[in-house]
Each structure stands twice: as C-alpha cells, then as structure tokens.
Amino acid sequence: MIHRYDTNIIMQIACGGSLTYVPVEGREIFGPSAVENQSTKITPTPITKEQIKELVKVYGEAALRAKKAGFDGVEVHAAHGYFLSQFLCPYLNRRTDEYGGSIENRARILFDVYREIRKVVGENFPIFFKLNSSDYMKENGLTLEDSLYATERLSELGVDAIDISGGNESITESIENNLTTARTGIAGSIEK
C-alpha cells in the first residue's frame, strides 16, 4: 500500500536486552555484562562470544525477512539503552574480551551486525543504524568521541545512513535529568 504512493518504508530491527518491560519470568535475558538495568531492575546474563555470533546471524535473518516482506531497507537500533547500546556504554559493558574495554571493542558487535546484514541482503538494500550521540552521563557512558568513532567506522564499512539520537533509558541519570528520547520538555545543557 505504501509503495502505491511512491514512498519507501524502512523496518527498524532491535533487541531490548535488559531494557524490556515484558514479563521475564522463566526467560533468560542477555546483556554484555551482569550489571543491573537501572530502569527495569533486570540483571542480565552475560552473553557469551558464541551467543554473540548467533545473535549477529539473527540480525541478518531479521533483515532478510524484512527485505522479503517488501521493506525498502532496515535500521538497526543501537541507541537509547537497548541491547546494542548496552555494549557501547562502559557502565553496562564491563567485559574484558574483544567486546569490552575500548570503544573499538565495545562497538565491534555493531560492525559484526552490519557485515552480516550486508552479506545476506546484498549491496542494493539500504542499511541504517540508529546511534546515540551520547548517553548523557557524567561518567561511564558513551561519549561524543566514542559515538564519532562508531559512526566513522560504520561509514567506512558502507552503512547507508546513521540516525543520531541520544540518552540512555537503561540509566536513571539520563531519565532523571530529562535527557532521554522521551523528554517532557526541552532539557538544559548538561554539566560537564
């Protein structure tokens, strides 16, 4: 129906990780590290490297389903405190392997996801990423410099567009300072 009006439609694909509000009883919730989500009070199970590989494949499968369903592209949600954003946030990601520590390591999962999606959907299918410019935390959050690294690297890999947002809904500091995506008004500048 949308295509009848010469309009495109992009499917956003996301994984909430510990930022979920559905009942979690009896389910295993994964995150980069066993750090309690300040909003949901869920402490995730640290995802293993093997499980990361599987999740990367799942992102590719989701993108392929979107393509087959007639969508004109996909946007990978890696902002706002959801699963991929949790990897970017040093407070939530305390890993000591190649997916933790430096921004190069914390952003690695995004690059893996992009490469997998590109592999399965081909070259002529747009892939967008939604990223935070900052988590708006005084300490241990994704910084503007971190975000610039991730966006530049995604651009080098060939991502078609980057949707910049900000705020981390897994962190009460962002919420209490009205620095999330669902703001109740215009927030003032944040103290450094």
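You'll find the structure just up there.
Thresholds applied
Residues numbered from 1 in each chain as written. Predicted model: local features only at pLDDT ≥ 70, side-chain atom pairs only at ≥ 80, totals over all residues. Heavy atoms only, no water. Helix = DSSP H or I, 4+ residues; strand = E, 2+ residues; numbered from the N terminus. Expected span 1.5 Å × (residues − 1). Buried < 20%, exposed > 50% of the residue type's maximum accessible area, 1.4 Å probe, protein only. Arc of directions from axis to C-beta. Contact = heavy atoms within 4.5 Å. Phe/Tyr/Trp six-rings, centres within 6.5 Å; stacked < 30°, edge-to-face > 60°. Lys NZ or Arg CZ within 6 Å of the ring centre and 35° of its normal. 1 Å grid on protein atoms, 1.4 Å probe; cavity = no way out; pocket = protein on both sides within 12 Å on 5 of 7 lines; lining within 4 Å. Points joined across faces, edges and corners; volume = space filled by probe spheres on them. Nonpolar A, V, L, I, M, F, W, Y, C, P; charged D, E, K, R; others polar. Pairing = 2+ DSSP bridges.

Colleague: Describe in detail helix α1 (residues 49-68), supporting the description with residues and values.
Modeller: With 20 residues, α1 extends 29 Å from end C-alpha to end C-alpha; this agrees with the ideal 28 Å at 1.5 Å per step. Every buried residue of α1 is accounted for by Ile52, Leu55, Val56, Tyr59, Gly60, Ala62, Ala63 and Ala66. One face of α1 carries all of its buried residues, which in axial projection span an arc of 155 degrees. The exposed residues of α1 that point more than 90 degrees off its buried face are Glu50, Arg65 and Lys68. In this structure, the buried side of α1 is in contact with β1 (10-13), β4 (73-78), α2 (83-88) and α4 (108-121).

Colleague: Tell me about α4, and please be specific about residues and values.
Modeller: Counted at 1.5 Å a residue, the expected span for α4 with its 14 residues is 20 Å, and the 20 Å between its end C-alpha atoms agrees. α4 sits mainly inside the fold: 10 of its 14 residues count as buried. The positive-phi residue at the C-terminal boundary of α4 is Gly122, with phi of around 90 degrees.

Colleague: Lay out the packing of aromatic side chains with the relevant residues and their values.
Modeller: Each aromatic ring pair is described using two quantities: the centre-to-centre distance and the angle formed by the ring planes. By the definition in use, this model includes 3 aromatic pairs. For the ring pair Phe83 and Phe87, a centre distance of 5.3 Å and an interplane angle of 65 degrees mean the geometry is edge-to-face. Pair noted here: Phe83 and Phe87 are both in helix α2, with a separation of 4 residues, about one helical turn. Owing to a relative accessible area of 0%, Phe87 belongs among the buried residues under this scheme. In this arrangement the basic side chain of Arg94 is found over the ring face of Tyr91, its NZ or CZ atom lying 4.8 Å from the centre. Across from the ring centre of Phe111, 5.6 Å away, lies the NZ or CZ of Arg153, which sits over that ring.

Colleague: For the layout of surface pockets, give the residues involved together with the corresponding values.
Modeller: Its volume calculated, the second largest pocket comes out at about 180 Å³. Lining the second largest pocket are Cys15, Gly16, Gly17, Leu19, Thr20, Arg27, Glu28, Ile29, Phe30, Ile47, Leu55 and Phe83. Counted by class, the lining of the second largest pocket contains 7 nonpolar, 3 polar and 2 charged residues.

Colleague: An account of unusual backbone geometry is requested, with residue identities and associated values reported.
Modeller: Here Asp6, not a glycine, exhibits a phi torsion of approximately 55 degrees, which is positive. One can find Asp6 in the segment before β1. A positive phi is found at Tyr136, a non-glycine position, where the angle reads about 60 degrees. Within the element layout of this structure, Tyr136 appears in the loop between β5 (127-132) and α5 (144-157).

Colleague: How would you sum up the environment of Phe129? Please name residues and give values.
Modeller: Within the element layout of this structure, Phe129 appears in strand β5. Residue Phe129 is classed as buried on the basis of its relative accessible area, which comes to 0%. When near neighbours in sequence (up to four residues on either side) are disregarded, Phe129 contacts Glu75, Val76, Ala78, Leu110, Val113, Tyr114, Leu154, Val159, Ala161, Ile162 and Asp163.

Colleague: Tell me about the pairing of β5, and name the residues and values.
Modeller: Most of β5 is tucked away, with 5 of its 6 residues classed as buried. Judged from the 5 bridges that link them, β4 and β5 form a sheet pairing that is parallel. Across the sheet, Ala78 pairs through a bridge with Leu131, a residue of β5. Bridge count for β5 against strand β6 (residues 161-165) is 5 bridges, and the pairing is parallel. For Asn132, the partnering residue across the bridge sits in β6 and is Ser165.

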